[in-house]
Amino acid sequence: MRKVKARTPVRSSPFKQLLSYARPYARLFSGIVVLVVIYNLTQVIQPYLVKIAIDRYLLVKNSMLAPLIQIGVMYLGITLIGLLANLYQTRAIAAAGQKIVRKIRIDLFTHIESLAMDYFETHDTGRLITNVASDTTRISQFFTQFLLSVIRDGLTIILVMGAMLLLNWKLGLLSALVIPIIIAISLVFRPRLHKIYNTTRSHQSRLIGFIAENLSGMRITQLFHQESRQLEALNQLNLPYQQANVNEFRWDVFFNRTLDLLGNLAVAFMAWAGGLAVFHHTIKIGVLYAFISYIQQFFEPINSLTQNWNTLQSSMISFERVSQVLATPRTLTDPEIPVPLENPEIFRQTQGAIDFECVSFGYTPEHLILKDLTMHIAPSEFIGIAGETGAGKSTLISLLARFYDVSSGSIRIDGIDIRTIRQKDLHRLVGVVQQDVTIYSGTIADNVRLVRDQISRQQIVSACELTGADAFIRRLRQGYDTRLTPNGSNLSAGQRQLLAFARIILFNPKILVLDEATANLDALSEAAVQEGLAEVAKNRTTIVIAHRLSTLRSADRIYLLDHGRIREQGTHEELIALKGLYHAMVLNSVVMPASQEAWRESAHTSKLSAT
Ligand SMILES: Nc1ncnc2c1ncn2[C@@H]1O[C@H](COP(=O)(O)OP(=O)(O)OP(=O)(O)O)[C@@H](O)[C@H]1O
Ligand SMILES: [Mg+2]
């Protein structure tokens, strides 16, 4: 048997991976750096201009107005340049950040879409929603806040430090003393903050998961009067989330105010030390002014850098979680050298023979659902599958559509192992209609056409006529242009089913599978669909799974599945004559419609009597 190997992507550090997303925007980022340099220079020049004004033109015997005005105009000009540079830099970085995140979101979504069904069964949807929606937003802050801060604030620190050393190297060195203190403080806070951020994020995704699950199961909640219980459950998640947020906020404020305090102490110290120096005439008063401005400027970027250190932490956590999803290997991979079914000629030649060869399968290795099952289906045959609830009928179809891989044995279409067919091609070959139909928001025509734009209105109408959907659609005021609500709640289950038939007819697969697809239809519609089906089934292999065994009467062969094994096979008549399990099931189901009628009747009368 051919083993299908899963490809495991090579993982580098999350930081490097994240930077690799920025690589296509290298030019944009260099432009941003230029703007940042211009902005920072204007910030450093401003106090220096004031210093010149004070020392050279104000505190002298004959102060002159003309050079003061000149300096004023220069100051204004520089402020304007700084403003523009800042404006463009902020805009450019936001645009770059959003572009990068858009790419990450697309990669993430594409990867999630390609994962096998078992991933969705073992992973919480709410968590995935958090990954795609909010984690990616937090990642964008890495670029828009952290990266910008590193460039801008790093440069400010260097420039301001340089200016201070140039003005007076002794005072400059004294000011540099605060740097190790700030680093020490953030070293103390950092691990704690990291842990706190992590806690808040996981509380958040648990809460979102719960809400997502509840919204989709609202009907059940209301039917079973579970509102107050669910509210209680929500509270159990909401309270720790609230506490975690408050805690996060508290530590954030504590950390930032500690830094603020340090900043103010440094200014006070500078005023004292510098004041003494002015008093002893070692420096001029303008230099002191410039120093006090610089030390304030000096604190801002250090503070912002440490704050953005937190941004780095939270975006790294988010990115780690996103890259965990991205690194989930695909358990079902396309073959390296696939059967070239994208070639229309080869595709057309497909006959639709299906062979299940000694297939065993379990959702978990210890519990087999299908056991050593062999079935040979010839092209264009009409096959019925019967069996009690839980016998493994739908599982068999999931294997044919390769939502899962067989545990052992093989499934072949026209003698080709389906593991050597690309998923995309396989899903064009095998069309499945299930009992629950997915309806997307859009018109009826959109829902029949799906995304296949080349399908004309006329084709849609003919397909609907064939399935009998046309009759009910024409009765709607806007006909084929009636807008459907998401989930199709403004249609009955049977009407949704008829649309699904029309959809699959247009899809025109070589192999058509109906899994309990007529269960929602009343007897009349079912008869109509049966008639249409006979037409549709003519040139393709058709597999019909049904509890209502009358549906299978015209099948070429019926397989009766029991606990994952084939118990009986043959035509309807042969199986009846066998007087086995199938016969017993037919006998059981004969009384069903009658009793259902009786039940409906009695429900109707009781409703009437109640009014
Ligand atoms: N995704 C899943 N994960 C784990 N077990 C599953 C999964 N889907 C089905 N099963 C189990 O596999 C068995 C067969 O299920 P399957 O859906 O194939 O039955 P079925 O014959 O289609 O039943 P029904 O007539 O009710 O649709 C059941 O015992 C079910 O509990
Ligand atoms: Mg089923």
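Before reading further, recall that the structure is shown in the block above.
Residues numbered from 1 in each chain as written. Chains lettered and ligands numbered in written order. Predicted model: local features only at pLDDT ≥ 70, side-chain atom pairs only at ≥ 80, totals over all residues. Heavy atoms only, no water.

Q: Explain empty space enclosed by the protein residue by residue, including any values.
A: Per the stated rule, a full pass over the model turns up two cavities of 30 Å³ or more. Size it by volume and the largest cavity reaches roughly 60 Å³. L466, T467, F501, I504, I505, L512, V529, G532, L533 and V536 are the residues that line the largest cavity. Of all the elements, helix α18 (residues 523-536) adds the most residues to the lining of the largest cavity, at four residues. Taken together, the residues of the lining of the largest cavity sort by class into eight nonpolar, two polar and no charged. Here the second largest cavity is characterised by a volume of approximately 40 Å³. Along the walls of the second largest cavity sit L399, R402, Y404, D405, V406, S410, I411, I418 and R419, which together make up its complete lining. Taken together, the residues of the lining of the second largest cavity sort by class into five nonpolar, one polar and three charged. (1 Å grid on protein atoms, 1.4 Å probe; cavity = no way out; pocket = protein on both sides within 12 Å on 5 of 7 lines; lining within 4 Å. Points joined across faces, edges and corners; volume = space filled by probe spheres on them. Helix = DSSP H or I, 4+ residues; strand = E, 2+ residues; numbered from the N terminus. Nonpolar A, V, L, I, M, F, W, Y, C, P; charged D, E, K, R; others polar.)

Q: Mind laying out the packing of helix α2 (residues 26-58) against helix α5 (residues 125-167), listing which residues take part and the relevant values?
A: As a packed pair, α2 and α5 sit with axes 10 Å apart at the nearest point and diverge in direction by 35°. Of the two possible hands of crossing, α2 and α5 adopt the one that is right-handed. Here F29, I32, V33, V36, V37, Y39, N40, L41, V44, Y48 and K51 of α2 lie close against α5, whose contacting residues are F143, L147, L148, I151, R152, L155, T156, L159, V160, A163 and L167. Class assignment of the residues belonging to the contact of α2 with α5 gives a composition of 18 nonpolar, two polar and two charged. (Axes fitted to C-alpha atoms, helices over the stretch in contact; angles between N-to-C directions. Left-handed = near helix turned anticlockwise from the far one by under 90°. Contact = heavy atoms within 4.5 Å.)

Q: Help me get a handle on the site of ligand 1, residues and values and all.
A: Taken together, the neighbourhood of ligand 1 is formed by 13 residues, with G390, K393, S394, T395 and H547 sitting nearest. A391 has a polar backbone atom sitting 3.2 Å from an oxygen atom of ligand 1. Between an oxygen atom of ligand 1 and a side-chain N or O atom of K393, the distance comes to 2.7 Å. Look at ligand 1: alone it shows 630 Å² of surface, and the protein chains cover 61% of it. Among the elements that line the shell around ligand 1, the one with the most residues is helix α12 (residues 393-400), at three residues. A class-by-class count of the residues in the shell around ligand 1 yields four nonpolar, six polar and three charged. (Near = heavy atom within 4 Å. Polar contact = N/O pair within 3.5 Å; in protein donor to acceptor, adjacent residues only side chain to side chain. Areas by Shrake-Rupley, 256 points an atom, 1.4 Å probe, with all protein chains shown as cover.)

Q: Tell me about the packing of aromatic side chains, residues and numbers included.
A: Inspection of the entire model under this criterion finds ten aromatic pairs. Both rings, one in F361 and one in Y404, keep their centres 5.6 Å apart while their planes meet at 50°; by these two values the pair is tilted. Taken together, the positions of F361 in strand β1 (residues 354-361) and Y404 in the loop between α12 and β4 (408-413) put the pair 43 residues apart, joining distant regions of the chain. With respect to class, F361 is no different from Y404; both count as buried. Here the aromatic cluster, defined as three or more aromatic residues joined through ring pairs, consists of F189, W251, F254 and F255. (Phe/Tyr/Trp six-rings, centres within 6.5 Å; stacked < 30°, edge-to-face > 60°. Buried < 20%, exposed > 50% of the residue type's maximum accessible area, 1.4 Å probe, protein only.)

Q: Tell me about the pairing of β4, and please be specific about residues and values.
A: In this sheet, β4 lies alongside β1 in antiparallel orientation, the contact comprising five bridges. Paired with I354 across the bridge in β4 is I413. Relative to strand β5 (residues 416-417), β4 runs antiparallel, the two sharing two bridges. Residue pairing for β5: R412 is matched across the bridge by D417. Where β4 folds back onto β5 in an antiparallel hairpin, the turn is made up of two residues, including D414, whose phi is positive at roughly 50°. (Pairing = 2+ DSSP bridges.)

Q: If you had to explain the sheet that holds β1 to someone new, which residues and values would you point to?
A: Ordered in space as β2-β1-β4-β5, the four strands form an open sheet in which the pairing is antiparallel. Only two strands of the sheet have a single partner each, and these edge strands are β2 (370-377) and β5. Along the sheet face, α12 touches β1, β2 and β4 and points at about 115° away from the line of β1.

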